[in-house]
Amino acid sequence: MGTRKMRERQEDLWYGGELATAPGHPFYKRLNEILDNAKFDRFCEKSCAGFYHQKLGRPSLPPGQYFRIMMIGFFEGLDSERGIAWRLADSLTLRQFLSIGLDEKTPDHVTISRTRRLIQAATHQRIFSFVLEQLAQAGLVKGKTIGVDSTTLEANAAMKSIVRRDTGESYMGYLKRLAEAEGLDTQDAAALLRMDRKRKKKTSNEEWKSPSDEEAEITKLKDGRTALAFKAENAVDMETGAIVAVTTHGGAAADTTTIQETVIEAATAVAELIAEPTPEGEYTVHPEGVQEVVADKGYHSNEAVLGLDQLAVRSYIAEPDRGRRNWLGKAAEKAAVYGNRRRIQGNRGRSLQRRRGERIERNFAHQFDTGGLDRLYIRGKENVHKKFLIQAAACNLALLMRSRYGSGKPKAAHDRAVDAILTILTVLKALKDIFSASAAILDPTFRISRRSHRAHQLFCRTRKRPV
């Protein structure tokens, strides 16, 4: 197994002035300092030791380097492993971040994807938990109140290729069979499509599947399209914005059926962080773990609210307007729903609902919009879950970087540097103007001597002096 220590190399003994060099990006230098101080590479090598052989095979991708490569997709806004591989081969800064010399070949997308498939999802979960521990030690995890939300991402499978689960026939073959039963011309594609539009649909996940990704489910995306998709659900600390749990589901899974699994994952993660002290010796994680859950109205149902009540967690779930309810024989559900309604109408409930957009929606924007994960280029629920875990770990690292250095991504660090330079130039210009004004007050001829020849002529004419 390749390790970071084995990759440490002695400086070249000859003059290398003709080799390409780069000063390196300050963001990635600071990120490497944080990872090195936390002994990130040693932890990755220990966690992944079972997937590597000590002697056999060609030199492999070191575990710490692999997880850094996967995080680059978030920091650089790249959506695929092929795009990440192209950027690595083209960037001196990323070579320095990964400790890859100019005489070495960067990993191609086949090596990256092969390594991802070999390392299990449980190991990716341990890496995510390791990063979460660093946030807890920095005081960025409180754990008392969590917010739950989800988003659907289009899978790497086409709707045109779906087949029936029972017979294996394609969608067009199924339409032709229906057309033959109705006596229509099966060779007329337009007639087939007209028949398909008129009939009651349609494509349920119990009857249809994708041959390339059977775990992807048919659902309607936020833009209105029907596609094969997966659902990512996050549990976020409402006080700090740290992601404490990530779960992955099929795209058609209802929010009301997945919230309990996500809350249990979050409660387990927070419980493991209670004993993590900060450098000052303080314990910032809530000693009683998760106590409150915040969610939007898509998560509201009798079973969901009752399930959270049975977990001894106070729910603050926005309630849709369902009109007058019939509670006959549902005393437990009624008590849970009324308790949730009473809480969300209070001051704290309203405050948490306002904060939900700031904490949760902002994280989704970082992960899936600017983080380069607006759609999926990998297949299989396990592989998708690995991608979500590393994306969430990178988002947590961005939060840690932002709390220490003020910038959570390289572009943000660059923008801050530009703003600082512009601020300095503005201050210098203001000082120059103040100095010029002071000099003009003390010496009236100072302003005249600094004017252009034309301005000097106009000044003299106004005072009726010969030019």
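As a reminder, the structure under discussion sits directly above these lines.
Small disclaimer: the values here were computed from a predicted structure and weren't measured.

(A) Quick look at the pattern of salt bridges. Across all of its chains, the model carries 16 salt bridges by this definition. Residues D36 and R68 are paired through a salt bridge, measuring 3.6 Å at the closest nitrogen-oxygen approach. Within this pair, whereas D36 is found in helix 1 (residues 26-37), its partner R68 is found in helix 3 (residues 63-76), the two being separated by 32 residues in sequence. The exposure class of D36 is partly exposed, given its relative accessible area of 36%.

(B) Quick peek at the side chain of S91. Turning to its location among the elements, S91 is positioned in the loop between helix 4 (81-90) and helix 5 (92-98). The exposure class assigned to S91 is buried, which follows from its relative accessible area of 15%. A distance of 3.1 Å separates the side chain of S91 from the backbone nitrogen of L94, its partner in a polar contact.

(C) Seen up close, the pairing of strand 4 (residues 217-220). Where strand 4 lies against strand 5 (residues 226-237), 4 bridges are found, and the strand directions are antiparallel. Paired with T219 across the bridge in strand 5 is A227. What sits between the antiparallel neighbours strand 4 and strand 5 is a turn of 5 residues, in which G224 has the positive phi angle 95°.

(D) Region of the structure containing unusual backbone geometry. Its identity is not glycine, yet S99 carries a phi of approximately 60°, on the positive side. Along the chain, S99 turns up in the loop between helix 5 and helix 6 (109-118). The exposure class assigned to S99 is partly exposed, which follows from its relative accessible area of 31%. For A312, which is not a glycine, the phi torsion comes out positive at approximately 60°. One can find A312 in the loop between helix 11 (302-310) and strand 8 (314-317). Judged by relative accessible area, which is 62%, A312 ranks as exposed.

Cut-offs applied
- As a convention, each chain's residues are numbered from 1 in the sequence order in which they are written.
- In keeping with the model being predicted, local features are shown solely for residues with a pLDDT of at least 70 and side-chain atom pairs are shown and tallied solely at 80 or more, while totals for entire chains, interfaces and linings include all residues.
- Derived side-chain values reflect all non-hydrogen atoms in the structure, with water molecules and hydrogen atoms excluded from consideration.
- Any Lys or Arg side-chain nitrogen located within 4 Å of an Asp or Glu carboxyl oxygen qualifies as a salt bridge.
- A run of H or I in DSSP counts as a helix once it spans at least four residues, and a run of E counts as a strand once it spans at least two, with each numbered from the N terminus.
- Three exposure classes are used, based on accessible area relative to the maximum for each residue type with a 1.4 Å probe and protein chains only: buried under 20%, partly exposed in between, and exposed over 50%.
- Contacts described as polar in this section are N or O atom pairs within 3.5 Å, which, within protein, must combine one atom able to donate a hydrogen with one able to accept it, while residues neighboring in sequence count only if both atoms come from side chains.
- DSSP calls a pair of strands paired once it identifies at least 2 bridges connecting them.

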